[in-house]
Every structure is written in structure tokens, then in C-alpha cells.
Amino acid sequence: MLFSKRALYILAHPTGFLLRTLKGFRDNQGILLAGAVAYYALLSVLPLLILTVLALSHFVDQAELFKILGQYLEWLVPSQSQAVLDDVSRFLNHRVSNGAVLLLTMMFFSSLAFSVLEKAMAVIFPHRGVSKKRHFLVSVVIPYFLVLFLGIAMLGVTTGSIVLQALAKESIHFFGYDWPLRGLAGTLLNLLSFSVETLILTVLYLVLPVGRIRPRHAVIGGLMAASLWEIIRRLLFWYFSTLSKAGVVYGSLTTAVVALFSMEIAAVVLLLGAQVISEYERIEETAS
């Protein structure tokens, strides 16, 4: 059979599945859970960026590194990447950085964010928590494993971006013409960003929910959440760049307010992807 019973059910009842997912998300208080995740994630972003700059500046020119980080910060905090990088730059210029303190700060708040996210997953996947419980030590270790994974992913993305930007300056001599690689490098850079984004989401869906999840289901949730966020973040960038009056209303607090709002929307998308997987699994239960 080309399509599973679940896929056939969704194809036959797309609106019903969508409404069921949104109702489940509302009943689980997904907006409230996303706010808690976004709050702790925001507190760990700046220390993580400073540590990243400190580590990678030994291998990459700092100006080039800031340029690359600015591009990816637009993914997380649309229209506010420059303000965040200015804070990082001021911190480094005053030479008050302390690697150990930054590491402890990042690990502490990141572990809180992932712990809240794990509890949110338990709410979204209630049909798993009834029969299976995760060992306490596993729950303690998982946040630090995920922080390490995110650090490695950021290092890989930064390295890949540097290589692709260097490739964009080159050209291929073919049939007597020089063909610039800028367009190809830009396309590959976008594919790299989307692929890493999907990978991170897929790993979160694989690791955080209690019980075993099929990789195929995690990939479905990761692709859905990544695609939805790509649309939303572009809308956010357009809104904050053209229509928003947040700078007039919040003044010096604008960056923090916009960053928190953007991260809460991202957390909503993340939890909504988990809700899709949860409803997908329940279709499997009823269809089998």
C-alpha cells in the first residue's frame, strides 16, 4: 500500500484533522506552555551567542563571524539581529566576559527551558505517559545533551556558511564563459539552513516525548514545523520592519519585547508540530 491508514485518513479528512489538532493544542494550553519555554530560552540566547563568538573567533575573523550570526539570528528574532549583536559586541569590547560564568548561565537557563519543554511534551502526549515513565536521571541529562547538540549544530552551520560564502566569490569557466557561483551558493545556503532547522526539530521530537517515537513521525513533525516557521518568520520580519510601532511604545525595551514575542511564536510552532505528531499517533491507534 502506497499510503498508510493514517495518511489516507488525513487525505480524506484534512479539515477534520486540522481542527482536531488545533482543539487539542488549545485544550493543552499550548500558548501558555510556549510562553514558559520562550522565557527561559531568551535568557540563554545571549550567553550562548557570546560563547559561540569566543570559541569561533579563534578560527574565523570576528567581523565575518558576526555577519554570519546576524543572518541566522534573523531566523530566530526577525528584524532584531543587529541589536542583539550590538549587545554581544559591547560585552566583548569591555572585556568583562568570563567563559565559566557564561557557560554556567547558559547551561542553567537552557536546562530550565528544555525541562519546561519536556513537561510540555508530556502534556501533549498523554497517551504515552500513562504506561511509561522516564527515569529521573535521564530527564536530568537530556537538557544538557540537547544544549551540546545545539552547540554542535551551530558550529556546523557557521562552518558551512563560511564555506558557501567563499564559494559565492568563485566562478566556473565553462564553454568559454565564466559562470559565477553566487546563485548556487545562495540556494545551498538556504537549503543548509532549512535542513539544519528540520534536523533540530526532528531531534527534539525524537528525544523529548516520553516513550518511543517512530523517526518517520518525528520527521513529519519537523518538516511541518520548519515549513510553518519559514512562512511566519518572513511575515514577522515584514511586520516589524514596516508596520510595527514597537520602538515607539517600548523604547529601550523593544529588542527584548520583540525577541520574546518572536521566540514565543517559534515555541508555539514547535509545540504545534508535536501536537500534529500526537494526533497522528492517535489516528494510528484508532485505524489499526
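Please refer to the structure placed before this passage.
Every value quoted in this text rests on a predicted model; they were computed, and no experiment measured them.

(A) Here's a closer look at the packing of aromatic side chains. Taken as a whole and assessed by the stated rule, the structure comprises three aromatic pairs. Between the aromatic rings of Tyr 39 and Tyr 40, the centroid separation amounts to 5.1 Å while the plane-to-plane angle is 75°, which identifies the pairing as edge-to-face. Owing to a relative accessible area of 44%, Tyr 39 belongs among the partly exposed residues under this scheme. An angle of 85° between the planes, with centres 6.1 Å apart, marks the rings of Phe 240 and Phe 261 as edge-to-face. Placement of Phe 240 in helix H10 (residues 215-243) and of Phe 261 in helix H12 (residues 254-287) is noted, with a sequence separation of 21 residues between them. Since its relative accessible area comes to 16%, Phe 240 is described here as buried. Members of the aromatic cluster, connected to one another through ring pairs, are Tyr 239, Phe 240 and Phe 261.

(B) Structural view of the layout of surface pockets. In this model, the largest pocket occupies a volume close to 1200 Å³. Together, 45 residues line the largest pocket, and Trp 75, Leu 76, Leu 150, Met 154 and Ile 200 are the ones closest to its centre. Taken together, the elements giving at least two residues each to the lining of the largest pocket come down to helix H3 (30-56), helix H4 (62-76), helix H6 (99-124), helix H8 (136-168), helix H9 (182-207), H10 and H12. When residues of the lining of the largest pocket are assigned to their parent elements, the largest contribution, nine residues, is made by H9. Residues of the lining of the largest pocket, tallied by class, amount to 35 nonpolar, six polar and four charged. Volume-wise, the second largest pocket comes out at about 320 Å³. Residue lining of the second largest pocket: 15 residues in total, with Leu 48, Thr 52, Ala 55, Gly 151 and Ile 152 positioned closest to the centre. Broken down by secondary-structure element, the contributors of at least two residues to the lining of the second largest pocket are H3, H6 and H8. Here the element with the most residues in the lining of the second largest pocket is H8; it accounts for seven residues.

(C) Up close: the packing of H4 against H10. Taken N-terminus to C-terminus, the directions of H4 and H10 make an angle of 100°; their axes are 8 Å apart at the nearest point. Regarding the angle of H4 to H10, the classification is roughly perpendicular. Listed contacts from H10 to Glu 74, Trp 75 and Leu 76 of H4 are Trp 229, Glu 230, Arg 233 and Phe 237. Its residues assigned to classes, the contact of H4 with H10 shows four nonpolar, no polar and three charged.

Conventions used here
Residues numbered from 1 in each chain as written. Predicted model: local features only at pLDDT ≥ 70, side-chain atom pairs only at ≥ 80, totals over all residues. Heavy atoms only, no water. Phe/Tyr/Trp six-rings, centres within 6.5 Å; stacked < 30°, edge-to-face > 60°. Buried < 20%, exposed > 50% of the residue type's maximum accessible area, 1.4 Å probe, protein only. Helix = DSSP H or I, 4+ residues; strand = E, 2+ residues; numbered from the N terminus. 1 Å grid on protein atoms, 1.4 Å probe; cavity = no way out; pocket = protein on both sides within 12 Å on 5 of 7 lines; lining within 4 Å. Points joined across faces, edges and corners; volume = space filled by probe spheres on them. Nonpolar A, V, L, I, M, F, W, Y, C, P; charged D, E, K, R; others polar. Axes fitted to C-alpha atoms, helices over the stretch in contact; angles between N-to-C directions. Parallel < 35°, antiparallel > 145°, perpendicular 65-115°, else oblique. Contact = heavy atoms within 4.5 Å.

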